[in-house]
Amino acid sequence: MSLPANLKYTNSHEWVRVGDDGLIWVGITEPAQEMLGDLVYVGDVQIGATLKAGETAGVVESVKAASDVYAPVAGEVAAFNEALNDAPQLLNEKPYDTWIFKLKSSAALDGLLDATGYQAALDAAQ
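Residues numbered from 1 in each chain as written. Predicted model: local features only at pLDDT ≥ 70, side-chain atom pairs only at ≥ 80, totals over all residues. Heavy atoms only, no water.

1. Section: a nonpolar patch on the surface
Residues Val40, Tyr41 and Val63 make up a contiguous nonpolar surface patch of roughly 280 Å² in combined accessible area. With respect to the helices, strands and loops of the structure, Val40 is situated in strand E4 (residues 39–43). Look at Val40 and you get partly exposed, because its relative accessible area is 48%. (Patch = residues over 30% accessible without salt bridge, like charges linked within 9 Å, V, L, I, M, F, W, Y side chains within 5 Å. Areas by Shrake-Rupley, 256 points an atom, 1.4 Å probe, with all protein chains shown as cover. Salt bridge = Lys/Arg side-chain N within 4 Å of Asp/Glu carboxyl O. Helix = DSSP H or I, 4+ residues; strand = E, 2+ residues; numbered from the N terminus. Buried < 20%, exposed > 50% of the residue type's maximum accessible area, 1.4 Å probe, protein only.)

In structure tokens, the structure reads:
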């Protein structure tokens, strides 16, 4: 598995990047979606909610399990990817092209993992 080098990562398996719109885009990593299996629901994201880093921003559910999705940095939830209402499997098919929510934040992403650090965390967990 090759992790995109242009993204930042969290230990809780979110990927993060600053989009062209200046917002922080958040999705789940390929290892996360593989652990969950076929996703059947993505949601519970509250637009306008102010979150601290590490707080639950939403949930993803599969045929096997449910998992919270966390805010990688503090900020206000600005958007939810409405396409996931009808097609949660997009996260299985294209995990690094499919964002779940966007945050409005002035927080730096420096404290997050790069691809090498995330891979090391995955290796250590095995």
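2. Describing the sheet that holds strand E6 (residues 56–62)
Strand order in the open sheet formed by 3 strands is E4-E6-E7, with antiparallel pairing between adjacent strands. The sheet is open, and its two edges are formed by E4 and strand E7 (66–70), each paired on a single side. Neighbouring strand axes in the sheet, compared pairwise and without regard to direction, differ in orientation by 20° on average. Here E6 pairs with E7 via 5 bridges, running antiparallel. By the bridge assignment, Thr56 is partnered in E7 with Tyr70. (Pairing = 2+ DSSP bridges. Axes fitted to C-alpha atoms, helices over the stretch in contact; angles between N-to-C directions.)

3. Points about the side chain of Glu14
Checked against the element boundaries, Glu14 lands in strand E2 (residues 14–18). Of the buried charged residues, Glu14 lacks a salt bridge, with Lys8 as the closest side chain of opposite charge at 15 Å. A distance of 2.4 Å separates the side chain of Glu14 from the side chain of Ser12, its partner in a polar contact. When residues no more than four places from it in sequence are discounted, the contact partners of Glu14 are Lys8, Tyr9, Val26, Gly27, Ile28, Thr29, Asp68, Val69 and Tyr70. (Lys, Arg positive; Asp, Glu negative; His and termini not counted. Polar contact = N/O pair within 3.5 Å; in protein donor to acceptor, adjacent residues only side chain to side chain. Contact = heavy atoms within 4.5 Å.)

Bear in mind that shape data such as this cannot, by itself, settle questions of function.
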